[in-house]
Amino acid sequence: MLHLCSMLRPFIGLFLISFLLEVPQQDQQKQSSPVPAEDTPASIGLVLDNSGSMNSKRDSAAATLCELAKASSPQNEFFVVNFNDNAYMDLNFTSNSKSVCEALGRMDVFGGTALNDAVLASADHLVKGSKYKKRAIILVTHGIDNKSHRSVKEMLKELHEPGMPAVYCIGLLDPHKVSKARSVLDLLAQETGGMALYPENEEQLNEVAQQIAQEIRKR
């Protein structure tokens, strides 16, 4: 498994040790009501493409993910991975939306696109460090991988392992490369139980982000 790279800025403890907290035993005669799916908190990785081809799209993508985090349940936890040639952990698990927004704006746009590696590293981080069983990745990308060490086939095989997250793809695609990009993102969403959406402008970008947020709530 590829670890998230820290070439640009160091961070400590990518894979944190989880501590189990003892919960007092409840009265056996009391039956708790089931929690509706939409009220179940989630652990969510925000994975943002920072490659050179995102130059005109990155700011609006970061702003949309920021607003999504602000509108999210206060119990949800997020981490932020920015990627280009490599994947960088810019924020570990937190429920602080201000910190999420700051992390989303922390990286300059340049280089290639290691999409497969970024998704796999983020999924592994969710499995090993998340607080909640409801897990998701929200990936925003132009859609063409040209730098990963892992293939699409390898990525999908690992994402079928138990506990892996659903991947929700927002494709901000080059009109000349739509077919190739969509085929990978559609497959990634389909194989993990997520969804893939392709906004054509900033207004649609905000709409699809909210749609994904609602889908995650209902899982």
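Relevant structure appears above.
Residues numbered from 1 in each chain as written. Predicted model: local features only at pLDDT ≥ 70, side-chain atom pairs only at ≥ 80, totals over all residues. Heavy atoms only, no water.

Student: In this structure, what is going on with the nonpolar core? I would like to understand it.
Tutor: Nonpolar side chains tend toward joint burial in soluble globular proteins. In this structure, L46, L104, I138 and I170 are the most contacted members of the largest nonpolar core, which totals 33 residues. Leaving out residues up to four positions away in the same chain, L46 has contacts with L65, F78, F79, V80, V81, V100, L104 and I138. Core analysis: the second largest hydrophobic core is formed by 29 residues, F83, L159, M164 and A196 among them. (Core = buried A, V, L, I, M, F, W, Y, C linked by side-chain atoms within 4.5 Å. Buried < 20%, exposed > 50% of the residue type's maximum accessible area, 1.4 Å probe, protein only. Contact = heavy atoms within 4.5 Å.)

Student: Sorry, what's going on with the packing of helix α1 (residues 58–71) against helix α2 (residues 97–104) here?
Tutor: Geometrically, a packed helix pair is captured by the angle between its two axes and the distance between the axes. Where α1 contacts α2, the two axes come as close as 9 Å, and the packing angle between them is 170 degrees. Between α1 and α2, the angle is such that the two are roughly antiparallel. On α2, the residues that touch R58, A62, L65, C66, A69 and K70 of α1 are S97, V100, C101 and L104. Looking at the contact of α1 with α2 residue by residue, the classes come out as seven nonpolar, one polar and two charged. (Axes fitted to C-alpha atoms, helices over the stretch in contact; angles between N-to-C directions. Helix = DSSP H or I, 4+ residues; strand = E, 2+ residues; numbered from the N terminus. Parallel < 35°, antiparallel > 145°, perpendicular 65-115°, else oblique. Nonpolar A, V, L, I, M, F, W, Y, C, P; charged D, E, K, R; others polar.)

Student: What is the right way to look at the environment of N201 in this model?
Tutor: Within the fold, N201 resides in the loop between β6 (195–197) and α6 (202–218). Separated by 141 residues in the primary sequence, N201 and S60 place their C-alpha atoms 9.7 Å from one another. Side-chain polar atoms of N201 contact the backbone nitrogen of E203, separated by 3.2 Å. At 2.8 Å, the side chain of N201 forms a polar contact with the backbone nitrogen of Q204. (Polar contact = N/O pair within 3.5 Å; in protein donor to acceptor, adjacent residues only side chain to side chain.)

Student: Teacher, can you tell me more about the environment of P162 here?
Tutor: By secondary structure assignment, the location of P162 is in the loop between α4 (152–159) and β5 (166–171). Here the alpha-carbon distance between P162 and V127, two residues 35 residues apart in the chain, equals 9.0 Å.

Student: Please explain the packing of helix α3 (residues 115–129) against α4 as it appears in this structure.
Tutor: Where α3 contacts α4, the two axes come as close as 10 Å, and the packing angle between them is 15 degrees. Between α3 and α4, the interaxial angle falls into the category roughly parallel. Where α3 crosses over α4, the handedness of that crossing is left-handed. For the pair α3 and α4, the contacting residues are N116, V119, L120 and A123 in the first and V152, M155, E158 and L159 in the second. For the contact of α3 with α4, the class distribution of residues is six nonpolar, one polar and one charged. (Left-handed = near helix turned anticlockwise from the far one by under 90°.)

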